[in-house]
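Structural overview for review
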Number of protein chains: 2
Amino acid sequence: MGFTNSVPGFKAEINNDFLKKAEKYRAGIIKRDAYPLDEVEIIKNNNDWTVKPIGPAKAAEQYRMQKDSKVCFDFGNHYVGYADFNVNYINSPSDAPLHLKIKFGEKPFEIGENREDYDGLLSSGWIQEEYIHVDDLPAHIELPRRYAFRYMQIVVLDTSPCYSINITDVHCTSVSSADISTVAELSLTDKELIDIDRVSVRTMAECMQDVFEDGPKRDRRLWIGDLRLQSLVNYETFKNYALVKRCLYLIAGLTQGDGRLAACIFSKADPIASKVNLFDYSLLFISCVYDYYVNTKDTDTIKDLFPTIKRQIEIASQRFDENYIIRDSSDWWCFVDWNDDLNKQASAQAIFIYTAKQYVELSKVMGEDSSETVRMIENAADASMKYLWDNESGFFVSGNDRQISWASQIWFVLSGILPVEENARLMLRMIETNPAVGIVTPYTYHYFIQALFDSGLKKEAVKHIKYYWGAMLADGADCFYEVFNPENKDFSPYGSRVINSYCHSWSGTPSYFIRRYLDK
Amino acid sequence: MGFTNSVPGFKAEINNDFLKKAEKYRAGIIKRDAYPLDEVEIIKNNNDWTVKPIGPAKAAEQYRMQKDSKVCFDFGNHYVGYADFNVNYINSPSDAPLHLKIKFGEKPFEIGENREDYDGLLSSGWIQEEYIHVDDLPAHIELPRRYAFRYMQIVVLDTSPCYSINITDVHCTSVSSADISTVAELSLTDKELIDIDRVSVRTMAECMQDVFEDGPKRDRRLWIGDLRLQSLVNYETFKNYALVKRCLYLIAGLTQGDGRLAACIFSKADPIASKVNLFDYSLLFISCVYDYYVNTKDTDTIKDLFPTIKRQIEIASQRFDENYIIRDSSDWWCFVDWNDDLNKQASAQAIFIYTAKQYVELSKVMGEDSSETVRMIENAADASMKYLWDNESGFFVSGNDRQISWASQIWFVLSGILPVEENARLMLRMIETNPAVGIVTPYTYHYFIQALFDSGLKKEAVKHIKYYWGAMLADGADCFYEVFNPENKDFSPYGSRVINSYCHSWSGTPSYFIRRYLDK
């Protein structure tokens with residue numbers, strides 16, 4: 001997610017004990033060498049950019065480069081890491097500073113498009129482009145920043161009339177706290193699912209750094225909602241429990257005052273809580289803790305975090321109106337999906353029920369009394385059927401305008417207030433009817449697939465996994481994307497696709513579904 | 001000097017013993033803190049850029065800067081050094097990398113003009129401009145490269161829609177191997193000469209780094225011809241004899257094969273000899289050694305370097321034709337002045353005589369027989385009067401076209417082949433007649449002033465010091481310039497003044513004249 005909003009009552013609260021534990025479980029970063037495979041040229045083709053192969057990357061080491069020379073390397077896959085290379089002078093010692101422009105792109109058009117032409121909503125600071133001067137040659141250049149890329153272009157802005165350069169030993173030290181080599185091979189034989197799993201695993205590995213990042217190119221932050229999906233995949237693949245634990249303590253250790261959770265943490269040297277608070281993300285922290293318990297049985301951590309998740313139930317329940325329906329609001333109070341048209345009320349109501357049930361389960365583990373929450377769940381479920389269920393259409397509705405959206409149905413299926421058979425009928429009716437307010441992000445697509453599996457609609461689930469993630473594969477995805485609309489591949493919620501993230505964790509959950517439900 | 005040419009027979013020869021000595025006498029760099037005094041705005045005014053004061057630099061620390069904000073600091077004088085500053089976020093944590101463009105300028109138009117519009121002969125790599133991303137705020141930014149500047153502009157290319165920044169504690173660690181505080185105060189009372197001396201001393205100090213650099217902005221190299229002038233000033237001011245010794249050993253330790261000297265040394269971590277060889281510069285190394293002896297009486301060093309200077313006489317004398325006149329050539333064989341119209345033959349002949357005389361003096365010190373050189377001097381002097389002196393015009397002529405230039409007269413006066421009274425008449429006649437092929441660089445202006453003093457024309461010398469360097473002062477010089485034409489201040493031999501060096505050692509010799517001849 002790219003936007004933040006500001007909460008007026010924000011007052012950072014730090015739990016140093018939790019931050020110490022977060023530090024203790026800091027991920028060991030695994031470094032691996034990566035090298036460019038090919039030299040390519042990124043060529044404008046109508047309104048798009050295509051990749052023209054030139055030759056093996058090593059051959060480019062022979063080039064004598066001068067002002068306006070450029071070379072583009074294709075590393076053959078997506079990498080997150082640190083680039084370095086050697087530059088030497090040819091003909092005459094460098095009698096003026098060498099000036100280079102270096103661009104990195106997950107996608108070819110990031111190389112093709114000019115930063116100067118960018119006019120999107122998000123900061124152009126995310127565009128992966130550097131200008132560097134090299135005073136002394138020969139030089140070993142180590143770029144200090146981390147990039148997420150497959151393509152790396154070096155443009156010579158100037159040498160001098162007296163000397164040329166050649167560029168050799170282009171290399172990337174790729175980094176991740178996930179070890180792909182430890183992930184079990186699939187036993188299923190469906191080629192498309194195997195491919196989807198492979199890219200899904202890579203997407204997750206690229207996002208697993210010092211914390212679970214939402215995307216390694218942008219925004220590199222620890223969001224609660226994203227963490228929930230990342231950890232689900234992690235349990236089925238890398239099983240890096242320490243990294244999850246670290247993130248749980250970070251989130252619980254940096255609150256916004258009054259125990260309210262920040263929707264995301266800026267994981268810098270000194271981590272900072274964002275000022276953003278989101279109704280659903282705060283509640284989904286309970287799911288993060290619940291999933292962690294189910295997969296680890298680590299009761300010590302649950303004991304630590306129990307007051308935090310209890311507080312989220314308390315805060316969320318304050319939003320019930322006199323009918324036990326979550327109050328709607330016009331500001332950015334609840335995420336659900338990256339869709340301005342979506343009314344979030346019904347989803348929020350369902351998410352309360354969904355996460356409160358997990359809270360009750362954890363209360364049992366802790367031996368805590370949760371009778372009050374059980375009553376709230378019953379009241380909220382009853383109110384949902386009374387005020388949000390529309391018998392005529394057979395859908396849950398949301399907000400004053402009684403909006404029928406995909407998200408509302410999905411979350412009410414997940415909340416489990418209807419029997420499985422009714423849920424299945426609701427899902428099929430939704431797919432058939434196709435309400436106008438649809439799914440925008442892979443994040444919500446994940447919960448759609450989960451709702452299909454929860455409703456016993458395994459075949460439909462596989463079909464939609466292939467429809468959505470298969471289409472990304474067909475688009476040439478090395479990793480799965482932050483935003484993707486199979487009907488409009490260039491869509492960007494930010495006004496420019498060069499700022500989209502093409503390796504985004506909330507898009508990498510097929511491996512969870514494939515390994516949990518299909519590869520048995 | 002900005003150009004290099006290539007010598008086909010070039011074969012680097014390294015004298016490791018000399019390089020070890022050069023290392024031993026490496027200069028201790030003195031670091032001092034410098035701070036911006038004022039915030040200014042650089043404004044386009046017709047075809048020029050003027051400096052508009054805004055307020056004290058400290059007040060700018062209060063600014064909330066966002067995309068397209070900029071601030072320009074005026075340090076109040078010329079500095080060579082490393083810049084650093086602090087950046088912090090305002091309003092919200094930085095949720096995207098901060099992108100800054102930072103420019104440094106010795107002169108306001110370097111800030112005003114865009115690099116993209118530069119179309120000069122020299123590498124745009126010299127333009128002092130950086131783009132940097134800052135991933136984490138707050139941050140202390142230390143720019144790794146050294147700049148030569150008075151003005152420093154920071155442009156915010158982007159923050160994000162969510163955060164602003166403020167910039168505080170802008171600072172420069174200025175560097176020099178010269179300690180201005182050790183330079184004696186002048187006793188003379190002429191205000192203009194005192195000012196010229198002050199700027200001259202600063203110019204030299206700014207150029208005294210790890211070696212004597214020609215200019216700290218550009219080209220930062222150790223040239224023999226420039227070193228000669230720098231060391232003359234140094235003996236009258238800083239008296240940093242070790243730095244001269246270091247440079248002498250560097251030059252003598254890195255030859256081009258056959259004992260031939262490189263006209264300049266690239267003083268990198270591993271110093272490299274340039275491929276450029278210049279007839280006059282090779283001979284002027286003798287002057288460097290001679291001046292060093294006169295000022296230090298360090299016979300050990302002279303003993304080391306004697307074979308090197310002897311070899312330069314041998315090589316140069318191979319260029320005499322059957323009439324004992326130095327053969328002319330159309331390529332870049334001899335510098336004398338940065339003037340394409342200038343025929344160098346007569347100057348080269350005179351420079352041979354001038355430096356051979358110094359060689360003879362050093363031979364005496366070393367107890368070496370120099371009778372052959374004495375004969376060469378006599379022969380060359382006789383041939384000069386026979387073939388290069390034009391009795392009709394009363395001037396020395398040069399080349400097939402018998403060109404009459406300022407440089408030819410100046411160098412023959414310096415060669416001392418005529419009596420002082422005749423030299424004085426020649427100088428006055430030259431000034432009066434004003435031959436079309438005039439002086440282009442401060443370097444040649446130095447030898448003009450020296451020729452006036454040598455001819456006993458002290459009053460004329462002071463007049464011309466004030467005319468030339470006084471005009472730079474009136475132009476607002478913080479240091480003296482690489483190129484300056486009082487009649488055409490925007491002149492650049494490189495097609496763009498933004499690439500001119502506005503602190504150039506060969507322009508800083510007035511202190512030598514003032515302290516040697518006037519301040520007694």
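What this report covers is the structure whose coordinates are included nearby. (Residues numbered from 1 in each chain as written. Chains lettered and ligands numbered in written order. Predicted model: local features only at pLDDT ≥ 70, side-chain atom pairs only at ≥ 80, totals over all residues. Heavy atoms only, no water.)

**Here we look at the sheet that holds strand E14 (residues 272–273) of chain A**
Either a parallel or an antiparallel arrangement is found when strands of a sheet pair, and the pairing is made through backbone hydrogen bonds. Residue and element names in this part refer to chain A. To keep things clear, this is the line we draw: Two strands are counted as paired when DSSP detects at least two bridges linking them. Numbering of helices and strands runs from the N terminus; a helix is a DSSP stretch of H or I covering at least four residues, while a strand is a stretch of E covering at least two.
The antiparallel open sheet is built from three strands, whose spatial order is E11-E13-E14. A strand with exactly one partner marks an edge of an open sheet, and here the two such strands are strand E11 (222–223) and E14. One ladder, built from two bridges, connects strand E13 (residues 264–266) with E14; its direction is antiparallel. For Ile265, the partnering residue across the bridge sits in E14 and is Ala273.

**What about helix H9 (residues 371–388) of chain A?**
Definition in use: By this rule the span expected of a helix is its residue count minus one, scaled by 1.5 Å. Relative accessibility decides the category of a residue: with a 1.4 Å probe and only protein chains considered, values under 20% of the type maximum give buried, values over 50% give exposed, and everything between is partly exposed.
Taking 1.5 Å as the rise per residue, H9 of chain A with 18 residues should run 26 Å; its terminal C-alpha atoms sit 25 Å apart, in good agreement. Within the sequence span of H9 of chain A, burial applies to Thr373, Met376, Ile377, Ala380, Ala381, Ala383, Ser384 and Leu388 of chain A.

**Comments concerning the packing of helix H8 (residues 345–366) of chain A against H9 of chain A**
Residue and element names in this part refer to chain A. Rules: To get an axis, fit a line to the C-alpha atoms, keeping to the stretch in contact for a helix; angles then go from 0 to 180 degrees between the N-to-C directions. Note that the term roughly parallel is reserved for angles under 35 degrees, roughly antiparallel for angles over 145, roughly perpendicular for angles of 65 to 115, and oblique for everything else. The handedness criterion is simple: a crossing whose near helix is rotated anticlockwise from the far helix by less than a right angle is left-handed, and one whose near helix is rotated clockwise is right-handed. The criterion used for residue contact is that any of the two residues' heavy atoms lie within 4.5 Å.
At a closest axis distance of 10 Å, the pairing of H8 and H9 adopts a crossing angle of 155 degrees. Between H8 and H9, the interaxial angle falls into the category roughly antiparallel. Between H8 and H9 lies a crossing of left-handed hand. On H9, the residues that touch Gln345, Ala346, Gln349, Phe352, Ile353, Ala356, Lys357, Tyr359 and Val360 of H8 are Thr373, Val374, Met376, Ile377, Ala380, Ala381, Ala383, Ser384 and Leu388.

**Observations concerning the interface of chain B and chain A**
The condition is simple: In short, buried area is how much 1.4 Å probe accessible area vanishes from two parts on joining, totalled over both. Note on definitions: salt bridges are taken to be side-chain nitrogens of Lys or Arg within 4 Å of carboxyl oxygens of Asp or Glu. Residues adjacent in sequence count toward polar contacts only when both atoms are side-chain atoms; beyond that, a polar contact is any pair of N or O atoms within 3.5 Å, and within protein one must be able to donate a hydrogen and the other to accept it. Classes in brief: Ala, Val, Leu, Ile, Met, Phe, Trp, Tyr, Cys and Pro nonpolar; Asp, Glu, Lys and Arg charged; the others, Gly included, polar.
Between chain B and chain A, the contact holds 40 residues from the first and 40 residues from the second. When chain B packs against chain A, close to 3,300 Å² is buried across both sides, 48% of that on carbon and sulfur atoms. At the junction of chain B and chain A, the tally comes to four salt bridges. Residues Asp135 of chain B and Arg145 of chain A are paired through a salt bridge, measuring 2.7 Å at the closest nitrogen-oxygen approach. Between chain B and chain A we count 18 residue pairs in polar contact (both at pLDDT 80 or more) in total. Of all the elements in the fold, those that place two or more residues in the side of chain B that touches chain A are strand E7 (129–134), strand E9 (147–158) and strand E14 (272–273) of chain B. For the side of chain B that touches chain A, the element with the highest residue contribution is E7 of chain B, accounting for four residues. Residue composition of the side of chain B that touches chain A, by class: 16 nonpolar, twelve polar and twelve charged.

**A short note on the environment of Ser371 of chain A**
If you trace the backbone, Ser371 of chain A turns up in helix H9. Sequence-wise, Ser371 of chain A and Ala27 of chain A are 344 residues apart; in three dimensions their C-alpha atoms are separated by 38 Å.

**Some points on helix H11 (residues 420–433) of chain A**
All names here are of chain A. Rule in force here: The arc in question is traced by the directions running from the helix axis to the C-beta atoms.
For H11, which comprises 14 residues, the first-to-last C-alpha distance of 20 Å matches the rise-based estimate of 20 Å (1.5 Å per residue) to within 8%. Residues of H11 that are buried: Asn423, Ala424, Leu426, Met427, Met430 and Ile431. Looking straight down H11, one finds its buried side chains confined to an arc of 160 degrees; they lie on one side. Close packing links the buried residues of H11 with strand E15 (389–390), strand E16 (395–396), helix H10 (406–415), helix H12 (442–454) and helix H13 (458–474). Directly beyond the C-terminal end of H11, a positive phi value near 50 degrees is found at Asn434.

**A short note on unusual backbone geometry**
Residue Asp219 of chain A is reached from Arg218 of chain A by a cis peptide bond, and omega for that bond is 5 degrees. Relative to the assigned elements, Asp219 of chain A resides in the loop between helix H3 (191–207) and E11.

**Points about the relation of the copies chain B and chain A**
Between the two copies of the chain lies a relationship made up of a rotation around an axis and a movement along it. What counts, and what does not: When the copies are superposed, the least-squares fit takes in the C-alpha atoms of residues with a pLDDT of at least 70 in both.
When chain B is fitted to chain A, the residual RMSD is 0.0 Å, and the transformation amounts to a turn of 180 degrees plus an axial shift of 0.0 Å. Here the copies are linked by what is in effect a two-fold axis. Considering only C-alpha atoms, the residue of chain B closest to the rotation axis is Tyr131 of chain B, which sits at 2.9 Å. Both copies contact each other with a shared surface, as 100% of the interface residues of chain B are interface residues in chain A too.

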